[in-house]
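Spelled out, the chains give:
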Amino acid sequence: MKDKKKLTRMLLVGLLIILACAWIYPIVMILINSLKLESAISTNTTFDMVNGETYAGLENYSKAFSSFGFMQSLGYSLFITVTSVAAIIILCSMCAWYITRVHSKLNSFLYYLFVFSMVVPFQMVMFTLSQTADMLKLNNPFNLWIIYLGFGAGLAVFMFAGFVKSIPLEIEEAALIDGCTPLQTFFKVVVPILKPTMVSVAILQAMWVWNDYLLPTLVLDITKYKTIPMLIQYFRGSYGQVEMGPMMASIMLTIIPVVIVYIFGQKHIIKGVAAGAVKG
Amino acid sequence: MQRTYKKYGWMFVLPTLIAFTIGFIIPFIEGLYLSFCQFTTVGNAVFNGFSNYIAAFTDASFLRSAGFTVLVAAVNVILINVLAFALALALTQKLKGTNFFRTVFFMPNLIGGIVLGYIWQILINCVLALVGQPLLKLNATAGYWGIIILMCWQQIGYMMIIYIAGLQNVPDDLVEAAKIDGATDWQILWKIKIPMMMPSITICVFLTLTNSFKLFDQNLALTNGDPNHMTDMLALNIYQTFYARAGKAWKGIGQAKAVIFSIVVVLISFWQLKTTRSKEVQQ
């Protein structure tokens, strides 16, 4: 009986190892191809291992760095993600706290409006949003966080509101009696309690903003500014004329920073995702 | 307390509300209005009643992409949830390397849809070339299954995380009591674990369903609708109606399609939440 149980556990681990390989393989494949010479990359030989004859060293990577405007796009993507996420976690937590704490018809209407905006597909507003952004001069990477704040507010307010409800009122009452203004109460008393939720929201929003393709494509002036997903899609569009080697290298370059962040922060990321879902 | 807070209300709500107005409320209302107009920019809209809606419903490509979306969503929801649940069960058995597996399965979620679509296009095309089948550009069946495989690969890890959290919340004493009463593992799964996990199931089905309906990036990068718009999903069809068709009628029709699409997504979401919520048990 015990041996049988041990055997099934081993089989299960074996199966999981095979699955894990299948999960990693697509990325390893791109890595292998990014090291090949241009002439060695074709549809039929994608699965071939790189060897002495086809090895190109890091040439593809240096090309990707120099000719694709890669660094500039990386900078834009980083800037947009950091500003948007910072704005969302600070301003949306304030908003969510207020509309949960102060009961009025207007506040509960606002809450349902935020929840509604979470479900509505982006296609509904994409054209009018890009026109509004043009009109208000929000069509550059430096102001794009305002759009992300507006469009990301739904999920963020929803998650923060869910958590604020579980904070006991007495703590805040004590702070008010001790002479705190509501702003002080919020930043000195509520924010420390909200911290885990802030991490969750920050992770979910960062994953969304960093990888978002359609919104920046429609809102930004594509001739001047490209984020990383826009850059990849832009060069893919000229399929055939574009060199595949540097292309694969730039895909790797977009994946590597994300994977590094993931390896160091995986505990928080996985916890954040799980916590985010439970709140829903 | 409420009164003290109220004086400062504008400080807390206004920044988000202004951005929300710019980013959602104005575009939404404008979009609703424009679906009844003929226009090429917001400035030159001319009211034309329901003709955009009539054109949308008689547009064969719209109906076809709707059918395709439903087919993708149905298979996605079932496959992703069943497999993610199975993985979550396997990873809560205290096996060796559990942490490593969890890390690996979740990883694709961090990579954007455009990059994922591109990676899988390269991979699938190579497989197709090796078995002598037409490439994705000419092969709608491969495109369909490609989208499904890609979505499974990306989303199983995410749902697995949620299911693991749910499984860890099932009280041990319930499982123990059932074991003492002589229940088999299979009975424990169906009679205790699954009913106790309905909140997780609700959320995962909701996420997979809405993600499948709203799918855009992966569709654009993997097949771009090839061959001949056979693999267009709704979001891509609407995008193309706006930006890829010449003629001043199309933007209005695209906006009408977007309104129909939104209504469908909102209705399905709320219907799904209601039906699975009703199956949740009180803890």
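Cut-offs and rules
Residues numbered from 1 in each chain as written. Chains lettered and ligands numbered in written order. Predicted model: local features only at pLDDT ≥ 70, side-chain atom pairs only at ≥ 80, totals over all residues. UniProt positions renumbered as here; feature names shortened; annotations may be inferred. Helix = DSSP H or I, 4+ residues; strand = E, 2+ residues; numbered from the N terminus. Domains from an automatic or database assignment. Contact = placed C-beta atoms within 7 Å. Nonpolar A, V, L, I, M, F, W, Y, C, P; charged D, E, K, R; others polar. Core = buried A, V, L, I, M, F, W, Y, C linked by C-beta atoms within 7 Å. Buried ≥ 20, exposed ≤ 12 C-beta atoms within 10 Å, placed from the backbone.

Under an unreviewed UniProt entry, chain B has the name ABC transporter permease and belongs to Ileibacterium valens.

Looking at an unreviewed UniProt entry, one finds chain A named Sugar ABC transporter permease and attributed to Ileibacterium valens. Database annotation for chain A, UniProt heading Subcellular location (unreviewed entry): "Cell membrane". Its UniProt record gives chain A a comment under Sequence similarities (unreviewed entry), which states: "Belongs to the binding-protein-dependent transport system permease family."

> I would appreciate a short explanation of the UniProt feature "domain: ABC transmembrane type-1" (unreviewed entry) in chain B in the present structure.
Under the feature "domain: ABC transmembrane type-1" (unreviewed entry), the UniProt entry names residues 66-272 of chain B. With 76% helix and 0% strand, the stretch residues 66-272 of chain B has end C-alpha atoms that lie 18 Å from each other.

> I keep staring at the domain arrangement of chain A and nothing clicks. Help me out?
The accessible area lost on association of the parts is a frequent measure of interface size. Residues and elements named next belong to chain A. Each domain of chain A was delimited in the assignment, giving domain 1 (2-57) and domain 2 (66-279). Taking only C-alpha atoms, the centre of domain 1 and the centre of domain 2 are 34 Å apart. Counting from both sides, the interface comprises 9 residues of domain 1 and, opposite them, 8 residues of domain 2. In terms of residue class, the side of domain 1 that touches domain 2 is made up of 5 nonpolar, 2 polar and 2 charged.

> What is the right way to look at the interface of chain A and chain B in this model?
Residue-level contacts link 66 residues of chain A with 76 residues of chain B. Ranked by residues supplied to the side of chain A that touches chain B, first place goes to helix H11 (residues 244-279) of chain A with 11 residues. Of the residues that constitute the side of chain A that touches chain B, the class distribution is 48 nonpolar, 14 polar and 4 charged.

> Would you explain the UniProt feature "transmembrane region" (unreviewed entry) in chain A in this entry?
Residue and element names in this part refer to chain A. Sites flagged by UniProt as "transmembrane region" (unreviewed entry) map to residues 12-32, 74-97, 109-130, 142-164, 185-210 and 244-264. Here residues 12-32 runs as 100% helix and 0% strand, with 29 Å between its end C-alpha atoms. In residues 185-210, the share of helix is 100% and the share of strand is 0%. The end C-alpha atoms are 32 Å apart.

> What am I meant to see in the nonpolar core here?
Note on soluble globular proteins: their nonpolar side chains tend to be buried together. Membership of the largest hydrophobic core comes to 153 residues, with the highest contact counts inside it found for Cys95 and Phe160 of chain A. The biggest single contributor to this core is helix H6 (residues 144-164) of chain A, with 16 residues.

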